[in-house]
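Coordinate analysis (summary)
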Amino acid sequence: MPLHPEIAKVLAGLPTPPEGPLDQVSMRAADEAHVAPLEERLPLHAVEDVTAQTASGEVPVRIYTPVEADRHGVLVYFHGGAFFLGSLETHDHVARALAKETGLKVISVGYRLAPEAAFPAGLDDCYAVVRWAAEEGESQAWDGTTLAIAGDSSGGNFVAAVAAKAHDDGFHHITHQVLYYPSLDLDFDVDRYASLRENAVGYGLETAGLKPFNAFYIDSGADPADPVVSPVKRVDLTGLPPALIVTAEHDPLRDEGERYGRRLREAGVEATLSRYKGAGHGFVQHFSWIPEYHRAFVETRDFLSRR
């Protein structure tokens, strides 16, 4: 189906991006300028900023408790932003929606960004916070059951990489992985996936923009041939946690996410693939106010309720 009319309307009103190299400082400032004031955000029982003392060092996290309870399942969330954008603030609304819909305590990770922090600093922060959430479970009132990880776009990349690192380390507490339109293959050869050609222009994220947007990460030492950087290249996917992979019909990254889901299934891992029609990349972050796309949070709730 065509791009959702509400999304098309928003995209039509966006200014033409400036020519020349990307300026991460001004782009981050522009992102932060769109953050809703606190009084307009979804209310929850508690929202607390904490510094997690981890094996990766001190990592800022924001903890969302949906309702008062003695114990909670936990979901650790990694925001998107091509590894150089995004923050606890820009994705605060996503974390709040996840907490409300799933009933889980959500721990959003303020991981270090490229290029200031070279690979694998951001990934190490995400993995370390997942370990911290389990090891400090008593202080976080973790109920010892659900420990899910979720992320959008580059955050979905970190989800897959963290799940693999945990498996290889013998850390088997992760119960679910949720990937929203993940960036799983940083080799952007347009012949690799049909969606890179079909959705190349006019849907928000454009294929020609993938290399410059991800250059901050790659130039910091992330090798696209490395399965830690491009998780779809991992040879053995057996033993990984059950996965929910949400893709968007009009997303250049659609096919790599769906390929990862099929490969998980071939490896004997439970994997649910869910393609949202009429949607483009970033719809969970930017367009979840549209009812049919808010359903992604409900679908996440239903997936996480399965054990």
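All figures in this text were calculated on a predicted structure; none of them were measured in a lab. (Residues numbered from 1 in each chain as written. Predicted model: local features only at pLDDT ≥ 70, side-chain atom pairs only at ≥ 80, totals over all residues. Heavy atoms only, no water.)

Topic: the overall build of the chain
Broken down by element type, the chain carries 10 helices and 8 strands. At 18 Å, the chain has a C-alpha radius of gyration in line with the 19 Å of a compact globule built from 307 residues. For the chain, the spread of C-alpha atoms along the principal axes amounts to about 50 × 45 × 40 Å. Within the chain, counting contacts between residues at least 6 apart in sequence, those at least 24 apart form 77% of the total. By element, 53% of the accessible surface of the chain is carried by carbon and sulfur atoms, the whole surface being about 13,100 Å². Computed over 27 positive and 45 negative side-chain charges, the inter-centroid distance for the chain is 5 Å. (Helix = DSSP H or I, 4+ residues; strand = E, 2+ residues; numbered from the N terminus. Rg over C-alpha atoms; globule rule 2.2 N^0.38 Å. Contact = heavy atoms within 4.5 Å. Areas by Shrake-Rupley, 256 points an atom, 1.4 Å probe, with all protein chains shown as cover. Lys, Arg positive; Asp, Glu negative; His and termini not counted. Charge placed at Lys NZ, Arg CZ, Asp CG, Glu CD.)

Overview of the layout of surface pockets
For the second largest pocket, the calculated volume is near 160 Å³. Around the second largest pocket, the lining residues are Gln53, Thr54, Ala55, Ser56, Asp124, Tyr127, Ala128, Arg131, Trp132, Glu135, Glu136 and Lys165. Counting only elements with at least two residues in the lining of the second largest pocket, the list comes to strand S1 (46–54) and helix H4 (121–135). Per-element tally for the lining of the second largest pocket: the top contributor is H4, with 6 residues. Residues belonging to the lining of the second largest pocket are distributed by class as follows: 4 nonpolar, 3 polar and 5 charged. (1 Å grid on protein atoms, 1.4 Å probe; cavity = no way out; pocket = protein on both sides within 12 Å on 5 of 7 lines; lining within 4 Å. Points joined across faces, edges and corners; volume = space filled by probe spheres on them. Nonpolar A, V, L, I, M, F, W, Y, C, P; charged D, E, K, R; others polar.)

Quick notes on empty space enclosed by the protein
Gaps between atoms show up when a probe of the same size as a water molecule is rolled over them. Across all of its chains, the model carries 1 cavity of 30 Å³ or more by this definition. What the largest cavity holds in volume is close to 50 Å³. For the lining of the largest cavity, the class distribution of residues is 10 nonpolar, 2 polar and 1 charged.

Looking at the environment of glutamate 138
Within the fold, glutamate 138 resides in the loop between H4 and strand S5 (142–152). Here the alpha-carbon distance between glutamate 138 and arginine 71, two residues 67 residues apart in the chain, equals 9.1 Å.

A word on the pattern of salt bridges
A complete count under the given rule lists 20 salt bridges for this structure. The salt bridge partner of aspartate 125 is arginine 112, with a shortest N-O separation of 2.9 Å. Here arginine 112 lies in the loop between strand S4 (105–109) and H4 and aspartate 125 lies in helix H4, a separation of 13 residues in the sequence. For arginine 112, a relative accessible area of 40% translates into the label partly exposed. Note that glutamate 258 is salt-bridged to arginine 275, the shortest N-O span being 2.8 Å. Here glutamate 258 is found in helix H8 (residues 254–266), whereas its partner arginine 275 is found in strand S8 (residues 271–280), with 17 residues between them in sequence. Looking at arginine 275, the relative accessible area reads 40%, which means it is partly exposed. Through salt bridges with shared partners, a single ionic network connects Arg41, Asp49, Arg62, Glu89, Asp92 and Arg96. (Salt bridge = Lys/Arg side-chain N within 4 Å of Asp/Glu carboxyl O. Buried < 20%, exposed > 50% of the residue type's maximum accessible area, 1.4 Å probe, protein only.)

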